[in-house]
2 protein chains.
Amino acid sequence: MFSGLLDEREKRILCIVIQNYIQTARPIGSENICKNYNLKISSATLRNILANLEKNGYLMHPYTSAGRIPTDKGYRFYVDDLEENKQLSVQEEMLLAAGYKINKYELKEMLMQISQLLSLVSHYTGFVFSVSPEKVIFKHLKLIHLSNKKILAVFITQGGLIEHRLIHLQLPISVKNLKKMCKILNDELIGFTIREVRQEIFNKIKEQGIGYREFLELAEKLGEQIFKIKEELYLEGIPNILSFSEDDKKVESIFRLLEEREMLSYLLKNEFNEKEKVKVFIGNENLYPEMDNWSIVSAAYKTGDCSVGLLGIIGPKRMEYSRIIAEVDYISRMANKLLEQVEEE
Amino acid sequence: MFSGLLDEREKRILCIVIQNYIQTARPIGSENICKNYNLKISSATLRNILANLEKNGYLMHPYTSAGRIPTDKGYRFYVDDLEENKQLSVQEEMLLAAGYKINKYELKEMLMQISQLLSLVSHYTGFVFSVSPEKVIFKHLKLIHLSNKKILAVFITQGGLIEHRLIHLQLPISVKNLKKMCKILNDELIGFTIREVRQEIFNKIKEQGIGYREFLELAEKLGEQIFKIKEELYLEGIPNILSFSEDDKKVESIFRLLEEREMLSYLLKNEFNEKEKVKVFIGNENLYPEMDNWSIVSAAYKTGDCSVGLLGIIGPKRMEYSRIIAEVDYISRMANKLLEQVEEE
DNA sequence: TATTAGCACTCGTACTACTAGAGTGCTAAC
DNA sequence: GTTAGCACTCTAGTAGTACGAGTGCTAATA
């Protein structure tokens, strides 16, 4: 028996060890496996196999006479092996479809609700990480004249995001001029990303040569105040994750990590390109030492303008991957469908 | 020495015990107090005093030969005693004033930033609990015609809250009719609370006798979709609270409690009337058993229309009350000032 | 060559026993 | 009212021990 690939029996046993550990959070030993699973081999043979799996890095044991627990490589194998049959049961799917009404009227609220849904069904912590401003495309701007010095600006992106802001001007502007300005901006800026809009808006107005000072002021303030969307993170079900603190008290560092958003931003930018498949990041695969005992199951979602965000769940490394992957997969597909609808309408 | 009120020396010693416990999280005994604080009495006298304080319910000791720790009543005394000189140092005040730029352009974002600020300076978990819809007063509605069947509705409350929503109609509506509808609603609904608006909007349109079916549809959808604001809770600095889990793992239950919002809603409705003073809720004073080891320091804030919300921090019962009270006080006054500005402008 | 039984060995957990020390409460003297 | 002295109590920490789960190795077996 040389190292390298695993034969069927080894796979089977590896999966048993992992599933057992996921369920019980305890190491399991050869004797116990023999007793509980009807493998037609003795515990001695099993020990040989386990030793081999350990030699190849799939398992480890915390001390000499403890049973085996999976390594990250072990989990990785398990998850990859699983990935094919990640299907929700019909009941679950119906439950998900029927049991939750997502609000389609406001993108932000919708994202929040999706993250709630993720937490609800997974029993871990759900997150939705919104799209980065480089990818969001401007569609339409409305400037509403509340008074000569008070303008309500509302813009809509191609993905259906709506942002509003109250703008206070130093120099008064007339209704007529406001309309003019609005038309110019809509004509000039359509199709730009929000970041570009922010950079260009002042110049566009200047170029037009209609250099009323109030135009320039408004353009400047619009750029500063409204075209300034940022990545947002919706986290729901935080208490769920707390119940898994188990051995170490590193939960705190996880939340610090999440609050910084850097990690999710990194994943979004580097790990998800076009495909919208569910991806699993196990323990140290996340590159952050704080994530040592945790895994992320996530998928990208697309808004109407093809910008991408990230959604998924964070849970302990020993999570029920098969269930969770199926759930995240389902919800991400649901999210994409919902977002398409927002766009169409 | 009969029970009842505390004399100066007793007060002094009570405060020493509490401060010590706040700093070290350990019981302290008579001998130690004598050694470290220059009281001109022996440890035996001290023991008599401590026993007396315990008899009166200000202190307790977890077991026979442990030192004393404060009870809720003890903390309460300490905090009430403190309340007078809750002043921020000049440096701190300047730091707070200079170090943080609150965004004044969007109420929701502002509230979120305030809660971040609370967490940042207190090192505990900051919260801002927004106003209940019964108290928010309608000011202005804009209906923006995007297409015949697609309306962007934006409304502004007297407190400066802006809400928008995209409305999809079954029956097309013309620009002219939309304007008409908008005018009617603005005339009829000004001064109502949002809850009332929601109840009345359909009737108001009906009463006008201009019963085009598209008017009724729009009125109905407006009521359903946009005049539907709810209490919101901004929580920041969750990791901070996790580092205080100490003895028991009840942090989880705290967060479940917070997610439910009921407690804060209760406080807001029952404990804060007109005055905008900082209030401290210690341990079981909160009525929720989960709060046993935690305290809330909070203050009400007012938006322009005199509706009220709650802000503050949640931290371990043994927190640095004097510092925290001063900070919450300062930030709540700052918030009120900011909100006044929003209104004025 | 793969499988198995047998067995010595390892190490962590759980339990017990013991000690040191911190702190109390009481008493009697000042 | 204050203080010194002292017996008493209880915890935290340490050490010792027994148990048992599990391993890894060896030699026999199919």
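Refer to the structure presented above.
Quick notes on the rules
- Residues numbered from 1 in each chain as written.
- Chains lettered and ligands numbered in written order.
- Predicted model: local features only at pLDDT ≥ 70, side-chain atom pairs only at ≥ 80, totals over all residues.
- Heavy atoms only, no water.
- Contact = heavy atoms within 4.5 Å.
- Buried area = accessible area lost by both parts, 1.4 Å probe.
- Salt bridge = Lys/Arg side-chain N within 4 Å of Asp/Glu carboxyl O.
- Polar contact = N/O pair within 3.5 Å; in protein donor to acceptor, adjacent residues only side chain to side chain.
- Helix = DSSP H or I, 4+ residues; strand = E, 2+ residues; numbered from the N terminus.
- Nonpolar A, V, L, I, M, F, W, Y, C, P; charged D, E, K, R; others polar.
- Disulfide = S-S within 2.5 Å.
- Buried < 20%, exposed > 50% of the residue type's maximum accessible area, 1.4 Å probe, protein only.
- Expected span 1.5 Å × (residues − 1).
- Least-squares fit on C-alpha atoms with pLDDT ≥ 70 in both.

Enquirer: Account for the interface of chain B and chain A, naming residues and giving values.
Expert: In this complex, chain B contributes 39 residues to the contact, which on the side of chain A involves 38 residues. Buried area between chain B and chain A, summed over both chains or domains, comes out near 3400 Å², and the portion from carbon and sulfur atoms is 60%. Linking chain B with chain A are three salt bridges, by the criterion used here. In this structure, the salt-bridge partner of B:R165 is A:E109, at a minimum N-O distance of 3.5 Å. At the boundary of chain B with chain A, the tally comes to nine residue pairs in polar contact (both at pLDDT 80 or more). Contributing elements (two or more residues each) for the side of chain B that touches chain A: α6 (107-122), β4 (138-147), β5 (150-157), β6 (162-168), α10 (238-242) and α11 (251-260) of chain B. In the side of chain B that touches chain A, the residues fall into 14 nonpolar, ten polar and 15 charged.

Enquirer: Provide a residue-level description of the state of the cysteines, including the pertinent values.
Expert: Evaluated as defined, the whole model comprises zero disulfides over all chains. Of all cysteine sulfurs, the one in B:C15 lies closest to B:C34, which takes part in no disulfide; the gap is 17 Å. The closest cysteine sulfur to the non-disulfide-bonded B:C182 is located on A:C182, 16 Å from its own sulfur. Relative accessible area serves as the criterion here: at 11%, B:C182 is assigned to the buried category.

Enquirer: Got a sec to walk through α6(B)? Specific residues and values, please.
Expert: An ideal rise of 1.5 Å per residue puts 22 Å on 16 residues; α6(B) measures up with 22 Å between its terminal C-alpha atoms. Those residues of α6(B) lying buried are B:L107, B:E109, B:M110, B:L111, B:Q113, B:I114, B:S115, B:L117, B:L118, B:S119, B:V121 and B:S122.

Enquirer: An account of the relation of the copies chain B and chain A is needed here, citing residue identities and associated values.
Expert: Placing chain B over chain A gives an RMSD of 0.1 Å and needs a rotation angle of 179 degrees, together with 0.0 Å of translation along the axis. Considering both components of the superposition, the chain copies are consistent with a two-fold axis. For chain B, the minimum C-alpha distance to the rotation axis belongs to B:H164 and amounts to 3.9 Å.

By themselves, these observations are geometric and do not establish any function.
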